[in-house]
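One-letter residues, chain by chain:
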Amino acid sequence: MTTFTPKTFQIYQAGELTVVGFEAKTSLHQIDLALCREELAKLVEENQTRFLAFDLTNIRVFPSGMLGLLASLRRLDVEVHLYNASSDIVEVLEITGLKRFMQLHQVSL
């Protein structure tokens, strides 16, 4: 399991299934997406992650750069799952066609 602490997201679980999320006060517009991409790649490699799950419970909208980041995760050969995406995020994923590359889930917390 990885021992580094990312600066852009929180790790809830690391391993074959890696779960990451964002703090309630986080605005994805303020995140350094290049750094986030690097941290995710390192996390996936170190943990031999096959499934990468994002908890989006507190996120209402994605900046366009986050869509690019999600699309780039396909190159890491991981299956991407999004949990509790807002209806706005789901709509953008449908419009951009990214929805077909990831699994969407709604769970009660």
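Our structure is the block above this text.
These notes cover the structure that comes with them. Keep in mind it's a predicted model, so treat the numbers as computed, not measured. (Residues numbered from 1 in each chain as written. Predicted model: local features only at pLDDT ≥ 70, side-chain atom pairs only at ≥ 80, totals over all residues. Heavy atoms only, no water.)

**What to know about the nonpolar core**
Here is step 1 of the chain: The biggest cluster of nonpolar side chains holds 30 residues, and the ones touching the most others in it are Phe22, Leu40, Phe54, Leu56, Phe62 and Leu73.
Here is step 2 of the chain: Of all the secondary-structure elements, those providing two or more residues to this core are α1 (33–47), β3 (51–55), α2 (64–72), β4 (79–83) and α3 (87–96).
Here is step 3 of the chain: Ranked by residues supplied to this core, first place goes to α1 with 5 residues.
Here is step 4 of the chain: Those residues in contact with Phe22, other than ones at most four positions away along the chain, are Thr8, Phe9, Gln10, Tyr12, Leu28, Ile31, Phe54, Asp55, Leu56, Asn58, Ile59 and Met66. (Core = buried A, V, L, I, M, F, W, Y, C linked by side-chain atoms within 4.5 Å. Buried < 20%, exposed > 50% of the residue type's maximum accessible area, 1.4 Å probe, protein only. Helix = DSSP H or I, 4+ residues; strand = E, 2+ residues; numbered from the N terminus. Contact = heavy atoms within 4.5 Å.)

**Considering a positive patch on the surface**
Here is step 1 of the chain: On the surface, Arg37, Arg74, Arg75 and Arg100 cluster together to form a positively charged patch.
Here is step 2 of the chain: Along the chain, the position of Arg100 falls in the loop between α3 and β5 (102–105). (Patch = residues over 30% accessible without salt bridge, like charges linked within 9 Å, V, L, I, M, F, W, Y side chains within 5 Å. Areas by Shrake-Rupley, 256 points an atom, 1.4 Å probe, with all protein chains shown as cover. Salt bridge = Lys/Arg side-chain N within 4 Å of Asp/Glu carboxyl O. Lys, Arg positive; Asp, Glu negative; His and termini not counted. Charge placed at Lys NZ, Arg CZ, Asp CG, Glu CD.)

**Structural notes on the packing of aromatic side chains**
Here is step 1 of the chain: On inspection of all chains with the given rule, the structure shows 0 aromatic pairs.
Here is step 2 of the chain: One residue, Arg74, lies across the ring of Phe101, its end atom 3.7 Å from the ring centre. (Phe/Tyr/Trp six-rings, centres within 6.5 Å; stacked < 30°, edge-to-face > 60°. Lys NZ or Arg CZ within 6 Å of the ring centre and 35° of its normal.)

**A look at the pairing of strand β2 (residues 17–21)**
Here is step 1 of the chain: With 4 of 5 residues buried, β2 is to be regarded as a mostly interior element.
Here is step 2 of the chain: Pairing analysis gives 3 bridges linking strand β1 (residues 10–13) to β2, with the strands arranged antiparallel. Residue pairing across strands places Gln10 opposite Gly21, the latter belonging to β2.
Here is step 3 of the chain: In this structure, β2 lies alongside β3, joined through 5 bridges in parallel fashion. Across the sheet, the residue bridging to Gly21 is Asp55, located in β3. (Pairing = 2+ DSSP bridges.)

**Description of the pairing of β4**
Here is step 1 of the chain: The sheet contact formed by β3 and β4 spans 5 bridges and is parallel. Each residue of the ladder has a partner; that of Phe54, found in β4, is Leu82.
Here is step 2 of the chain: Traced from β3 through α2 to β4, the parallel crossover comes out right-handed.
Here is step 3 of the chain: Where β4 meets β5, 4 bridges bridge the pair, whose relative direction is parallel. By the bridge assignment, Val80 is partnered in β5 with Met102.
Here is step 4 of the chain: In terms of handedness, the path from β4 via α3 over to β5 forms a crossover that is right-handed. (Right-handed = clockwise from strand over helix to strand, strands pointing away.)

**Focus on the pattern of salt bridges**
Here is step 1 of the chain: The tally for this structure, following the rule as stated, stands at 3 salt bridges.
Here is step 2 of the chain: A salt bridge links Glu94 to Lys99, with the nearest nitrogen and oxygen atoms 3.0 Å apart.
Here is step 3 of the chain: Taking the relative accessible area as the measure of exposure, Lys99 reaches 33% and is therefore partly exposed.

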